[in-house]
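Structural characterization, general
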Amino acid sequence: MLAVMFKEPGTVAVEQIALPQLAAGGLVVRTGYVGVCGSDVRTWRHGNARLAGPQVLGHEVSGTVAASDVEAYPVGTQVAVCPGVPCMRCDQCQRARHNLCPNRRVLAYDFPGGMAEQFAVPADAVLAGCVVPLPDGLSLRSATLAEPLHTVLSGQERGEIGPLDSVLVLGLGPIGTLHAAAARSRGAAPVLGVDLLAQRVASAAAVLGDGAVELLGDDPAALKARGGPRGWDVVVLANGAPQAVELAMSVVAPCGRILAFAGMPAAKAQVPIDLNRVHYQQISIVGAFAGTPRHFRDAIGWLSRAQIDLDQLVTGQLPLDHALDAFAQIERGEGLKTMLRVG
Ligand SMILES: [Zn+2]
Ligand SMILES: [Zn+2]
């Protein structure tokens, strides 16, 4: 079968490999769609510490069960798969922090991913609740959005985003756009997304509406006032720019939360923080990373009831053998989400 293989930093190849085998207690899924993530592009260019050698990429996957050793998922079931597989035995898993499980195995890193005609789901992924059947009416294409969305839902839970909170999202890639949409669905208002790139603002506006997004200006005081008399209750860092932290500190309201959602380049991750503001104004800086199988299930439910046009989020769609064109599109910052169509 055809698969998109990471070979070594700088080299990704579309090539023929053997079909996956059905393992005891596992599934084989015929891939429907697979989302291309910014992290795939970074792996292509720079490799990834988790990858010691060649691997099939693709962690944002949906498809149809083609072979099954699990009664609950008969052949023909349409599914999406949460890529992070927690061990369910360690202390973090026992405390429901499955995303922080030190033994967590991840699709496309620790076992072959979904940028292929088929992929295997191991038994531990089934047992951990990573396989979610699609509700009627949710397309395979939209279901691949569950992966980025489940990290967003996990982060918003951490940030305790609630009704009438004002929420500012810094960065309007697919993740920032989903943050704005998810905050709105939790009752937050106003919700505003900003970005420095006009093309990102335009793509996000097609999803969220014109009033919900704008180009980031150079007047933090004016931006702060938009969040309410004392500023924004929640500021989501949905981009990896260290300057965003300073901006967030200058616009967040007393008792507000800054959600540290994006990884930063390691050399730039140390940023100065005014601890007096943190102390006297009770500012919280909340970390949020990845998500759990429970958030993944919630994400599938959210998508099936989505109040936004999911098709507007998917701005590019290419066949599997054009994967490198898709990677290049994302590297150029074009559009929001690019998918590979497989089935
Ligand atoms: Zn991703
Ligand atoms: Zn664990």
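Residues numbered from 1 in each chain as written. Chains lettered and ligands numbered in written order. Predicted model: local features only at pLDDT ≥ 70, side-chain atom pairs only at ≥ 80, totals over all residues. Heavy atoms only, no water.

**Points about the sheet that holds strand β15 (residues 252-260)**
The pairing of strands in a sheet happens through backbone hydrogen bonds and is either parallel or antiparallel. In plain terms, the rule: Two strands pair if DSSP finds at least two bridges between them. To qualify as a helix, a DSSP run of H or I must reach at least 4 residues; to qualify as a strand, a run of E must reach at least 2; elements of each kind are numbered from the N terminus. Axis definition: a line fitted to C-alpha atoms, limited for helices to the stretch in contact. Angles are taken between N-to-C directions and run from 0 to 180 degrees. The contact criterion used throughout is that any non-hydrogen atoms of two residues lie within 4.5 Å.
The sheet built from six strands is open, its strands ordered β13-β12-β11-β14-β15-β16 with parallel pairing. Both outer strands of the open sheet, β13 (213-215) and β16 (284-287), are each paired with one neighbouring strand and no more. Pairs of neighbouring strands in the sheet enclose a mean axial angle of 20°, with direction left out of account. Pairing of strand β12 (residues 191-195) with β13 involves three bridges; the strand directions are parallel. When the sheet's bridge partners are listed, glycine 193 is paired in β13 with valine 213. Strands β12 and β13 of the sheet are contacted by helix α7 (residues 198-208), whose axis makes an angle of about 170° with β13. Contacts between helix α9 (residues 243-251) and the sheet are confined to β11 (167-170), β14 (232-237) and β15, with β15 contributing the most and set at about 155° to the helix.

**Thoughts on the sheet that holds strand β4 (residues 55-56)**
With antiparallel pairing, the three strands of this open sheet are ordered in space as β2-β1-β4. The outermost strands of the open sheet, each flanked by one partner alone, are β2 (11-16) and β4.

**Looking at the side chain of threonine 77**
Rule in force here: Any N or O atom pair separated by 3.5 Å or less is treated as a polar contact, with the protein-specific requirement of one donor-capable and one acceptor-capable atom, and with residues adjacent in sequence counted only for side-chain atom pairs.
Turning to its location among the elements, threonine 77 is positioned in the loop between β5 (60-68) and β6 (78-81). Among the polar contacts made by the side chain of threonine 77, one reaches the main-chain carbonyl oxygen of proline 74 at a distance of 2.6 Å. What threonine 77 contacts, discounting residues up to four positions off in sequence, is Gly63, Thr64, Val65 and Pro133.

**A short note on the domain arrangement of the protein chain**
Definition in use: These domain limits were set by an automatic method or by a database of domain assignments. By buried area we mean the combined loss of accessible area, with a 1.4 Å probe, across both parts when two parts are placed together.
Annotation of the protein chain at the domain level lists domain 1 (2-148 + 291-341) and domain 2 (160-287). The C-alpha-based centres of domain 1 and domain 2 are spaced at 28 Å. Domain 1 puts eleven residues into the contact, and the matching count from domain 2 is 16 residues. Summed over both partners, the interface of domain 1 with domain 2 comes to about 1,200 Å²; 71% of that surface belongs to carbon and sulfur atoms. Counting the surface domain 1 buries against domain 2, the share from its top three residues, Trp302, Ile308 and Leu336, is 43%. Counting every contact that joins domain 1 to domain 2 gives two residue pairs in polar contact (both at pLDDT 80 or more).

**Side note on the pattern of salt bridges**
Applied cut-off: Salt bridges are defined as contacts in which a side-chain nitrogen from Lys or Arg sits within 4 Å of a carboxyl oxygen from Asp or Glu. Here's how the labels work: a residue is buried when its accessible area is under 20% of the maximum for its type, exposed when over 50%, partly exposed in between, all with a 1.4 Å probe on protein chains only.
This model, assessed by the stated rule, comprises eleven salt bridges. Between lysine 7 and glutamate 15 there is a salt bridge, and its shortest N-O distance comes to 3.0 Å. Take lysine 7: its relative accessible area is 32%, and that puts it in the partly exposed class. By relative accessible area, which is 23% here, glutamate 15 ends up partly exposed.

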